[in-house]
Structures are given as structure tokens and as C-alpha cells.
Amino acid sequence: MAAKYAFSQTLKEVRFLFCQTGEHSGATRSFLARAYPTMKKNNPHTPIMIREAAGTQPRVYARYEFGKEKSESLAGLSDKEIESKVTELVKSGI
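Report follows, based on the coordinates. (Residues numbered from 1 in each chain as written. Predicted model: local features only at pLDDT ≥ 70, side-chain atom pairs only at ≥ 80, totals over all residues. Heavy atoms only, no water.)

## Section: the nonpolar core
Point 1. Core analysis: the largest hydrophobic core is formed by 19 residues, its most contacted members being Phe-7, Phe-16, Phe-31, Met-39 and Val-86.
Point 2. Secondary structure elements with two or more residues in this core: strand S1 (11–18), helix H1 (26–42), strand S3 (59–64) and helix H2 (79–91).
Point 3. Setting aside residues up to four positions removed in sequence, Phe-7 forms contacts with Val-14, Met-39, Asn-43, Thr-46, Ile-48 and Val-90. (Core = buried A, V, L, I, M, F, W, Y, C linked by side-chain atoms within 4.5 Å. Buried < 20%, exposed > 50% of the residue type's maximum accessible area, 1.4 Å probe, protein only. Helix = DSSP H or I, 4+ residues; strand = E, 2+ residues; numbered from the N terminus. Contact = heavy atoms within 4.5 Å.)

This is the structure in C-alpha cells:
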């Protein structure tokens, strides 16, 4: 799992948005509870921001060099599906 979260050199920031109580964000919350410590340990200088807001659909954003961004919806995905989406975002560079 450690190599899975070794971020691309061009990645500047990862942002997670989700609802702190909604059912649709449950898998995102469990993914972050499990994976955040590993991601932060392997990438101590890359900001990983967690934003909770009532009614927000779960989404992950990746910001790369030159202000380019990619985002993926996490609504309706399982913990493992979220893991693969996040891995895809943090490994790819624009």
C-alpha cells in the first residue's frame, strides 16, 4: 500500500470534499480514516486537505503544476473503488 500512495512529482495538492453525516459519503469517510495516515507519511510535503460540508457529494480533486486540476466523483463507490480512483489521480501527471 505504501507505493500506491507515492504521489507524482507534479502533484501539488489533494482535496477531499464530502458530507460529515450523509450516507453517500460513508465510504469516503472510511477510506480516509484508513488511508490518510499512510498517504501523509509517504508524502509529508504535499497538502492533503479534507473539507466536510453538510449535503456535499463526495469528490476528490488533484491539483498539479501550473494550476491544472482533475476531479473525480466518489458518490456511490465502495472503499476499494475510491482507493483506485485516488491512486489513479495521484499517480498521473497532467
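Still more to cover.
## Here's the deal with the sheet that holds S1
Hydrogen bonds along the backbone pair up the strands of a sheet, which may run parallel or antiparallel.
Point 1. The strand order S2-S1-S3-S4 describes an open sheet built from 4 strands, whose pairing is mixed. If you trace the sheet from one side to the other, it starts and ends with strand S2 (48–52) and strand S4 (69–73), each paired once. Looking at each pair of strands side by side, their axes are set apart by 15 degrees on average, direction ignored.
Point 2. Helix-sheet contacts for H1 involve S1 and S2, and the interaxial angle to S1 is about 155 degrees.
Point 3. Strands S1, S3 and S4 of the sheet are contacted by H2, whose axis makes an angle of about 175 degrees with S4. (Pairing = 2+ DSSP bridges. Axes fitted to C-alpha atoms, helices over the stretch in contact; angles between N-to-C directions.)

What is shown is where atoms sit, not what they do.
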